[in-house]
Amino acid sequence: MLKPQQFFSCLAEQVRLASMLLAHTHGELCVCELVVALDENQSKVSRHLAQLRNCGLLLDRRQGQWVFYQLHPQLPDWSLRILDEAAQAEATSLKAITKRLRAMNNRPQRIAADA
């Protein structure tokens, strides 16, 4: 079971927090989409995504060359409420991040995991 101390510790870095907020507001995202949205290099983003996965906050799945991340479906309700509040508090920066994401060319197409 996820404890608040672990949750907050895992989010105590801007790339990890922004990645979680993007996954919370946009759903499943590919590493390449997060690289563009966050305007960070791929190795830094991947390293932080791996930490979030190891914390149990994100799940990943591979689709060909792409790795997609989404919120872990078993996150407790209290953590989702905190992400809602954080997204509201970070609305201005999330707007800029989302603008970069939407402007991205050639975003990977998702294929259902059970297809």
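Criteria and cut-off values
Residues numbered from 1 in each chain as written. Predicted model: local features only at pLDDT ≥ 70, side-chain atom pairs only at ≥ 80, totals over all residues. Heavy atoms only, no water. Helix = DSSP H or I, 4+ residues; strand = E, 2+ residues; numbered from the N terminus. Rg over C-alpha atoms; globule rule 2.2 N^0.38 Å. Buried < 20%, exposed > 50% of the residue type's maximum accessible area, 1.4 Å probe, protein only. Contact = heavy atoms within 4.5 Å. Areas by Shrake-Rupley, 256 points an atom, 1.4 Å probe, with all protein chains shown as cover. Lys, Arg positive; Asp, Glu negative; His and termini not counted. Charge placed at Lys NZ, Arg CZ, Asp CG, Glu CD. Axes fitted to C-alpha atoms, helices over the stretch in contact; angles between N-to-C directions. Left-handed = near helix turned anticlockwise from the far one by under 90°. Nonpolar A, V, L, I, M, F, W, Y, C, P; charged D, E, K, R; others polar. Phe/Tyr/Trp six-rings, centres within 6.5 Å; stacked < 30°, edge-to-face > 60°. Core = buried A, V, L, I, M, F, W, Y, C linked by side-chain atoms within 4.5 Å.

Quick notes on the overall build of the protein
Then comes step 1: The helix and strand inventory of the protein stands at 6 helices and 3 strands.
Then comes step 2: Its C-alpha atoms give the protein a radius of gyration of 14 Å, within 12% of the compact-globule value 13 Å for 115 residues.
Then comes step 3: Each principal axis of the C-alpha atoms in the protein carries an extent, and together these give about 35 × 35 × 25 Å.
Then comes step 4: The buried share of the protein, taken over its 115 residues, is 40%.
Then comes step 5: Restricting the contact set of the protein to residue pairs at least 6 apart, pairs at least 24 apart contribute 66%.
Then comes step 6: For the protein, the computed accessible surface area is about 6,800 Å², with 50% contributed by carbon and sulfur atoms.
Then comes step 7: Seen as two clouds, the 14 positive and the 11 negative side-chain charges of the protein have centres 3 Å apart.

Overview of the packing of helix α2 (residues 14-26) against helix α3 (residues 31-38)
Then comes step 1: Running from N to C, α2 and α3 point in directions that differ by 115°, and their axes come no closer than 11 Å. Where α2 crosses over α3, the handedness of that crossing is right-handed. Mapping the contact onto sequence places V15, A18, S19 and L22 in α2 and L34, A37 and L38 in α3.
Then comes step 2: Residue composition of the contact of α2 with α3, grouped by class: 6 nonpolar, 1 polar and no charged.

Let's talk about the packing of aromatic side chains
Then comes step 1: As enumerated under the stated definition, the model contains 2 aromatic pairs in all.
Then comes step 2: With 5.4 Å between their ring centres and 75° between their planes, F7 and F8 make a pair best called edge-to-face.
Then comes step 3: Ring centres of F7 and W78 lie 5.3 Å apart, and the angle between their planes is 80°; this geometry places the pair in the edge-to-face category. With a gap of 71 residues between them, F7 in helix α1 (residues 4-10) and W78 in helix α5 (residues 77-89) connect regions that are remote in the sequence.
Then comes step 4: A relative accessible area of 0% places F7 in the buried class.

Structural notes on the nonpolar core
Then comes step 1: One finds L11, M20, L22, L38, L57 and L58 to be the most contacted residues of the largest nonpolar core, which totals 33 residues.
Then comes step 2: Residue assignment for this core shows that the elements contributing at least two residues are α1, α2, α3, α4 (42-54), β3 (66-71), α5 and α6 (91-103).
Then comes step 3: At 7 residues, α2 tops the list of elements feeding residues into this core.
Then comes step 4: Residues contacting M20, with those up to four places away along its chain left out, are L11, L52, L57, L58, L71, L75 and L83.

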